[in-house]
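Geometric and topological summary
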Amino acid sequence: MSGIIVFINLAGAVALLLWATRMVRTGIERAYGNALRDKLKLAISNRVTAAIAGFFLAIALQSATAVALITAGFVASGYVSSAIGIATLLGADLGSAFVVRILRHDLSLLIPILLLAGTISFRASEARNWRQMGRILFGLGLLLLSLRLIGEASIPLKTSEILPVIINYLSRDWITAFVLAGLLAWAFHSSVATVLLLASLADRALIPPVLIIPLVLGINFGAAVIAAVLTRGERTDARVVPLGNVAIRGLGTLIALAVQMTVELPSSIFSSNPGDAVVLCHLAINLAVLVFGLPFCGLIGRLLQSWMKTTDTGAETVIEERVSALNPEHLSNPEQAIANATRELLTVCERIDLMLVWIFDVYEKSDKAKIARIQELDDEIDQTHRNIKFYLAKISESALDEKSAALCQDLLGATIKLEQAADIISQNMVTRARKRHARKIVFSEEGWHEIKALHQEVLKNARLAFNLFVNRDVEHARQLVAQKEVVRTMVRHSEEQHMQRLRDGNDNSYDSSSIHIDTMRDLKEINSLFVSIAYPVLASAGMLRKSRLL
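Nothing here was measured: the structure is a model prediction, and the numbers come from that model.

To continue, consider the nonpolar core. By size, the foremost hydrophobic cluster in this structure holds 85 residues, and its most contacted members are Leu196, Ile207, Leu211, Val278 and Cys297. Examining the composition of this core, we find that eleven residues originate from one element, helix α4 (residues 82-103), more than from any other.

The next subject is helix α8 (residues 174-188). End to end, α8 covers 21 Å across 15 residues, agreeing with the expected 21 Å (1.5 Å per residue, within 8%). What α8 keeps buried is the set Trp174, Ala177, Phe178, Ala181, Gly182, Ala185 and Phe188. Burial along α8 is one-sided: seen end-on, the buried residues are contained in an arc of 135°. In the segment just after α8, histidine 189 is the residue with positive phi, at about 55°.

Turning our eyes to something else, we now look at the side chain of serine 426. Relative to the assigned elements, serine 426 resides in helix α16 (residues 402-438). At 2.9 Å, the side chain of serine 426 forms a polar contact with the side chain of aspartate 378. Apart from the residues lying within four places of it in its own chain, the contact partners of serine 426 are Met355, Ile374, Gln375 and Asp378.

This paragraph deals with the packing of aromatic side chains. Inspection of every chain in the model, using the stated rule, returns six aromatic pairs. Taking 5.1 Å as the distance between ring centres and 85° as the angle between the ring planes, the aromatic pair formed by phenylalanine 55 and phenylalanine 56 counts as edge-to-face. Given a relative accessible area of 17%, phenylalanine 55 falls into the buried group. Seen in terms of ring centroids, phenylalanine 360 and tryptophan 448 are 5.1 Å apart; in terms of plane orientation they differ by 10°. Their pairing is stacked. Of this pair, phenylalanine 360 sits in helix α14 (residues 334-364) while tryptophan 448 sits in helix α17 (residues 445-471), and the two are 88 residues apart along the sequence. Members of the aromatic cluster, joined through ring pairs, are Phe55, Phe56 and Phe98. When the ring centre of phenylalanine 122 is taken as reference, the NZ or CZ atom of arginine 131 above it lies at 4.0 Å. Of note, arginine 436 hangs over the ring of tryptophan 448, and the distance from its end group to the ring centre comes to 5.2 Å.

What counts and what doesn't
- Residues numbered from 1 in each chain as written.
- Predicted model: local features only at pLDDT ≥ 70, side-chain atom pairs only at ≥ 80, totals over all residues.
- Heavy atoms only, no water.
- Core = buried A, V, L, I, M, F, W, Y, C linked by side-chain atoms within 4.5 Å.
- Buried < 20%, exposed > 50% of the residue type's maximum accessible area, 1.4 Å probe, protein only.
- Helix = DSSP H or I, 4+ residues; strand = E, 2+ residues; numbered from the N terminus.
- Expected span 1.5 Å × (residues − 1).
- Arc of directions from axis to C-beta.
- Polar contact = N/O pair within 3.5 Å; in protein donor to acceptor, adjacent residues only side chain to side chain.
- Contact = heavy atoms within 4.5 Å.
- Phe/Tyr/Trp six-rings, centres within 6.5 Å; stacked < 30°, edge-to-face > 60°.
- Lys NZ or Arg CZ within 6 Å of the ring centre and 35° of its normal.

Just distances and angles here, no functional claims.
What follows is the structure, given as structure tokens:
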């Protein structure tokens, strides 16, 4: 078999591994992401529980990077300290390594079962959770299948004339091997996929035992850098968590590499089987980083915050304001101008996402700073709305074809709807939150649970709506419209239960009656505005009736 054929087969198998890993992660995030975030928020009260929570969340999401991004958001919002955030991420690194250990078992019998179950689950119902469960199961089946394909595709490499030359060189130059493994982990954006690939190659005796420890150390260093790069544009508090992980995990791997170059420990101390040695070495490294790094989380967090605030203070004197995507020079090119308006609209989505999260925080606990920031965000959205409206109006109508004209109108309509949603949050809901705290009103336990559940549903639908500006996916649009009836049912059920509590003489329900009903209706109205963003996508696909009337 020619070298190019072998490379194509191996590259295709690796591509399937990466795609399957992503499919499982996104399926879990879409179906259970909000619930997992809530559980993580409740669990991270100290460093030990934070590390345990990070461990299990990484197993659920099959990604320490996803946990890093979630935790960074918690730290930026003030839910937890930077030390707790770093501890959570150290636990997540170990959880990600444990996932690799699970996937190393011979699960080939499950491949057809998972593929079949995933297909049935996805096609059996239009309900979002069922379809996402199908996505998860199908993704797991593809993941296991990809591991088998990698093993089969790498068999011809045993007779390669070039590979032994490269391997022999790397066996003598561990620093280069470390760097290449780190770059591979960065390119894959997944330590799970990278370690599984390395283990598969080691099983075929393509990776000599002497290279296993340096390569695994390099993978861990590269994996630590991923989240730090992904959050480079975030606020200082959000960047501290992934950078703290780089400081502890990255420094730990560098120290371990120096020790390995001095002592030259054999990989057989982990296992006589090379593939298992890769996985167990990976697990041991992350366990050691957790044990030795946990006591230093607070110190690392404080040092990073102090250093970053100093550098940010110097940068603030230079930065005046965000650069708008609405470039007047592109107005002569309608497609580019519409793309610019879409980019600008995404900044509105980011602000509304923050407003939706923070308004619920304000309902729970009075926070004047957050209320002020919500109202500032609303003012920013108003200004962006005006800028987009005037920018789109300047595009020459004669230069627009039918498709571009429709897209232009859809963007304008979406901008108006998002601005209305922001107004409801900053005016109606902020007023109700202030009234609740001023009058010391307490919701009934059942009523508060109903409001929380509806808020989470609306937040989930908001993010689904925002994604439509990027992918205009018909299936996502159908899911979003289907959720409108779910929200309507939740509101109706809550109102019925609230009236029943009033009949039963629940004092808390009596005191909170007005705020409870008005808040539910505000959330319902906001959800309707988000759902309406899906209508143009469905209309263009011919999947929308002109009227609901028979």
